[in-house]
Amino acid sequence: MNIAVIGGTGYVGLTTAVCFASKGNVTFCVGRSKEKIGKIRRGVPIIFEEGLEELLRSVLSKGKLKPTTDLEKAVLNSDVSFICVGTPSRTDGSIDLSQIKEASEKIGHALRKKDDYHVVVVRSTVVPGTTEELVIPALEKNSGKRAGSDFGVCMNPEFLREGQAIKDLLFPKNIGVVIGEIDKKSGNALCELYEAFDAEIMRTGLRTAEVIKYARNSYLAKDISFANEIANICQNCGADYLAVRKGMEMDARIGTGRFLDAGAGFGGSCFPKDVRALVAKAVEVGVEPKLLKATLEVNELQPCRLVELARHTIGKLKGKKIAVLGLAFKPGTDDMREAVSVRVVKSLIDEGAKVWAYDPQALNNAKMILGNRVAYATRAEEALENADACVIVTEWPEFAEGKLYNNMRHKVIIDGRRVLNPSKLSSGFVYHAIGFSGPVRT
Ligand code: NAD
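Numbering of residues begins from 1 in every chain and follows the order in which that chain's sequence is written. For a predicted model such as this one, the threshold for reporting local features is a pLDDT of at least 70, and the threshold for listing and counting side-chain atom pairs is 80 or more; totals across whole chains, interfaces and linings nevertheless cover every residue. Hydrogens and water molecules were not included; the side-chain quantities draw on all heavy atoms of the structure.

Asker: What should I look at first to understand the domain arrangement of the chain in this one?
Answerer: Accessible area lost during the coming together of the parts is what is often quoted as the interface size. All domain edges in this entry derive from an automatic or database-based domain assignment. By the assigned domains, the chain splits into domain 1 (2-204) and domain 2 (205-442). In this complex, domain 1 contributes 37 residues to the contact, which on the side of domain 2 involves 28 residues. We define buried area as the total accessible area lost by two parts upon association, computed with a 1.4 Å probe and summed across both. Carbon and sulfur atoms supply 56% of the area buried between domain 1 and domain 2, which totals about 2,700 Å² over both sides. Of all residues in domain 1, F48, P128 and E162 give up the largest surface area on contact with domain 2, accounting jointly for 25% of the area buried on that side. Whenever Lys or Arg places a side-chain nitrogen within 4 Å of a carboxyl oxygen from Asp or Glu, that contact is recorded as a salt bridge. R337 is the salt-bridge partner of E162, the closest N and O atoms lying 3.6 Å from each other. Should any heavy atoms of two residues lie within 4.5 Å, those residues are considered in contact.

What follows is the structure in structure tokens.
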């Protein structure tokens, strides 16, 4: 099959295009930026994602990936177009669908010139009703054709996790594939494409597929906020959240869930944006989303607890050197969108601290957000040298190494992700984490 991926310079678009190409499909990776498309053409991945660079080079060398800025040519030479463009938050929390509208109009325009059957697939996260009320009308208006009879339409939400995107796309067994379809013919075409993947496929309607994506992300975000609230209670009443969690998980009805990790809260390009968008949509359709709102409220306050712990342990932060380890919103990515680190760093600076920040992948993106009010270290040891305290914000595995922290002036560690086992530290450390009643002294 030939495929066009619109939004091919983004996290989802690029990884999707490369993975479909790796299954032997000629895949047009369509972006708007000539510079970024030029880099992709030269095998430069433009984002950090484990395994992406090797796979990109491999599909380019086999002639399966065609990076291009020419959307029309890509659609005319494909059987299926995936819309993978951004759907950011507006200031009121609702979703900005302008990129979806523009992409749909352009695809529609190309379809006017196309005789062969073509299926348009919405892959971006869009609020329920978007495919029917915005995408299909834009496609029909600009193509002069009828959805369902002249061309196909599907809504196929993306479930990849940044940091493991290639694995999730190539082996979707654990996350499944949801296909919302306007009719059987459209869904059949997409099922054929997924035959090359080992995945359970669920076929449903367009709106249901749109809701499934939001329901999944909101469910997981709610678990994180729940874990954080219980951990905060533990901290203030003398219990250890790690043990509480273990006790909870003994109940088979709860089970072992990774999303019961307590810490600095969730960030990134999906959870906060998607929960906000669902809140806005719920209100629009007459539902008061109390649980979703509480999920966001708990999360909003959580990063402040790290700064409070630092202040509580070393006193006033003014003039103190604080090492911040980890800036990306999660390990395995260079993505800084809505990263918790931004909130932590800004409040440390507001309190007068001298912040030295380090991240193995996200420094360039961080500089664009945090600017020159922060000193950037190229190694964790540099950030930690003579520091008065260290705040761990992202759980990169390298931060679990106890001897990393030996060159600090005052040996105070605030671990926002429980990445470090305090038993690995040498003597003289004060170790704090969310969900402990008091610090561990080594
Ligand atoms: P992104 O902002 O990184 O990428 C979007 C890309 O689309 C940008 O590079 C932009 O230039 C490009 N684009 C916009 N209009 C275009 C057009 N007309 N032609 C060609 N390119 C165009 O966003 P993302 O993180 O890749 O997310 C894309 C969508 O997938 C969003 O709806 C998001 O919510 C959803 N999603 C993201 C993730 C994730 O982990 N990032 C996971 C699942 C779903």
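Asker: In this structure, what is going on with unusual backbone geometry? I would like to understand it.
Answerer: In most cases, non-glycine residues show a negative phi, while peptide bonds are predominantly trans. Positive phi, normally seen in glycine, also occurs at E338, with a value near 50°. Its place among the elements puts E338 in the loop between β9 (321-325) and α13 (340-350). At R418, a position not held by glycine, the phi torsion is positive, near 50°. Numbered from the N terminus, helices here are DSSP runs of H or I no shorter than four residues, and strands are runs of E no shorter than two.

Asker: Looking at this structure, I do not really get the packing of helix α11 (residues 271-284) against helix α12 (residues 290-314). What am I missing?
Answerer: Geometrically, a packed helix pair is captured by the angle between its two axes and the distance between the axes. Here an angle of 0 to 180 degrees is reported between the N-to-C directions of two axes, which are lines fitted to C-alpha atoms, with helices fitted over the stretch in contact. Two elements in contact, α11 and α12, have axes whose closest approach is 9 Å; the angle formed by their N-to-C orientations is 145°. Judged by the twist between their axes, the crossing of α11 over α12 is left-handed. Together, P272, V275, R276, L278 and V279 of α11 and L292, K293 and L296 of α12 make up the contact between the two elements. Throughout this entry, Asp, Glu, Lys and Arg are counted as charged residues, while Ala, Val, Leu, Ile, Met, Phe, Trp, Tyr, Cys and Pro are counted as nonpolar. The remaining residues, Gly among them, count as polar. For the contact of α11 with α12, the class distribution of residues is 6 nonpolar, no polar and 2 charged. Helix crossings are classified by the rotation of the near helix relative to the far one: an anticlockwise turn of less than a right angle makes the crossing left-handed, while a clockwise turn makes it right-handed.

Asker: Got a minute to help me understand the sheet that holds strand β14 (residues 430-433) in this structure?
Answerer: The strands that make up a sheet pair up through hydrogen bonds in the backbone, lying either parallel or antiparallel. Whether two strands pair comes down to DSSP finding at least two bridges between them. Ordered by their spatial adjacency, 7 strands build an open sheet running β11-β10-β9-β12-β13-β14-β15, and the pairing between neighbours is mixed. Every other strand in the sheet has two partners, leaving β11 (375-376) and β15 (440-441) as the edge strands with one partner each. Judged from the 4 bridges that link them, strand β13 (residues 412-415) and β14 form a sheet pairing that is parallel. Looking at the pairing, I414 lines up with H432 of β14.

Asker: Just to check I follow, could you spell out the pairing of β13 for this structure?
Answerer: One face of the sheet, then the other: side chains in a regular strand alternate in exactly this way. Alternating residues of β13 divide into V412 and I414 and I413 and D415, and every residue in both groups is buried. Pairing of strand β12 (residues 389-392) with β13 involves 3 bridges; the strand directions are parallel. Bridge pairing in β13 links C390 to I413. Three exposure classes are used, based on accessible area relative to the maximum for each residue type with a 1.4 Å probe and protein chains only: buried under 20%, partly exposed in between, and exposed over 50%.

Asker: Teacher, can you tell me more about the state of the cysteines here?
Answerer: What we call a disulfide is simply a covalent bond connecting the sulfur atoms of a pair of cysteines. Two cysteine sulfur atoms form a disulfide, by the criterion used here, when they sit within 2.5 Å. Enumeration according to the criterion identifies 0 disulfides in this entry. No disulfide involves C84; its sulfur sits 9.4 Å from the nearest other cysteine sulfur, which is in C29. Looking at C191, it has no disulfide partner, and the nearest cysteine sulfur is the one in C154, 8.1 Å off. Relative accessible area serves as the criterion here: at 15%, C191 is assigned to the buried category.

Asker: Explanation requested: the nonpolar core in the structure shown.
Answerer: Soluble globular proteins: nonpolar side chains tend toward being buried together. Take the buried residues of types Ala, Val, Leu, Ile, Met, Phe, Trp, Tyr and Cys, join any two whose side-chain atoms come within 4.5 Å, and each joined set is a nonpolar core. In terms of nonpolar packing, the biggest core is built from 67 residues, with L325, L327, L348, F399, Y405 and I413 touching the most fellow members. Per-element accounting of this core gives the leading share, 6 residues, to α13. Grouped together as the second largest cluster of nonpolar side chains are 45 residues, L139, V178, I212 and L296 included.

Asker: What am I meant to see in empty space enclosed by the protein here?
Answerer: Where empty space is left can be seen by rolling a probe of water-molecule size over the atoms. Space inside and on the surface of the protein is sampled on a 1 Å grid over the protein atoms alone, with a cavity defined as a set of points where a 1.4 Å probe fits but cannot get out and a pocket as an open set with protein on both sides within 12 Å along at least 5 of 7 lines; lining residues have an atom within 4 Å of a point. Grid points are joined across faces, edges and corners, and a volume is the space filled by probe spheres set on the points. On inspection of all chains with the given rule, the structure shows 1 cavity of 30 Å³ or more. Here the largest cavity is characterised by a volume of approximately 140 Å³. Taken together, 18 residues make up the lining of the largest cavity; nearest its centre are R123, E158, L169, V177 and Y194. Counting residues per element, the ones that place at least two in the lining of the largest cavity are α1 (11-22), α7 (165-170) and β7 (177-181). Counting residues per element, the lining of the largest cavity draws most heavily on α1, at 3 residues. Here the lining of the largest cavity is composed, by residue class, of 12 nonpolar, 3 polar and 3 charged.

Asker: So what exactly am I meant to see when it comes to the side chain of Q302 here?
Answerer: Along the chain, the position of Q302 falls in helix α12. Filtering out sequence-adjacent residues up to four positions away, Q302 remains in contact with N228, N232, G263, A264, G265 and I434.

Asker: Mind showing me how you'd approach the site of the ligand here?
Answerer: Here a residue is near a molecule or strand as soon as one of its heavy atoms is found within 4 Å of it. In the vicinity of the ligand lie 25 residues, with T9, V12, T87, E162 and K273 positioned nearest. At 3.1 Å from an oxygen atom of the ligand is found a main-chain nitrogen or oxygen belonging to Y11. N or O atoms closer than or at 3.5 Å make up a polar contact, with two conditions inside protein: a donor-capable atom paired with an acceptor-capable one, and, for residues adjacent in sequence, both atoms drawn from side chains. Interatomic distance of 2.9 Å between a backbone N/O atom of T125 and an oxygen atom of the ligand. Under the convention used here, a 1.4 Å probe and the Shrake-Rupley method define accessible areas, while residue burial counts only the protein chains that appear. In isolation the ligand exposes 840 Å². Once the protein is present, 90% of that is buried. Among the secondary structure elements, those contributing two or more residues to the shell around the ligand are α1 and α5 (98-111). In terms of residue class, the shell around the ligand is built from 8 nonpolar, 10 polar and 7 charged. When residues of the shell around the ligand are assigned to domains, at least three map to each of domain 1 (2-204) and domain 2 (205-442).

Asker: Can you help me understand the packing of α12 against α13 in this one?
Answerer: Following both chains from N to C, one finds α12 and α13 inclined at 50°, their axes separated by 9 Å at the closest point. By the criterion of interaxial angle, the relationship of α12 to α13 is oblique. The two elements α12 and α13 cross, and the hand of that crossing is right-handed. Across the interface between the two elements, E300, P303, C304, L306 and V307 from α12 touch V340, R343, V344, S347 and L348 from α13. Taken together, the residues that form the contact of α12 with α13 break down as 7 nonpolar, 1 polar and 2 charged. Any angle between 65 and 115 degrees counts as roughly perpendicular, while under 35 counts as roughly parallel, over 145 as roughly antiparallel, and the rest as oblique.

Asker: I would appreciate a short explanation of the layout of surface pockets in the present structure.
Answerer: Estimates place the volume of the second largest pocket at around 240 Å³. Only α11, α12 and α13 provide two or more residues apiece to the lining of the second largest pocket. Per-element tally for the lining of the second largest pocket: the top contributor is α12, with 4 residues.

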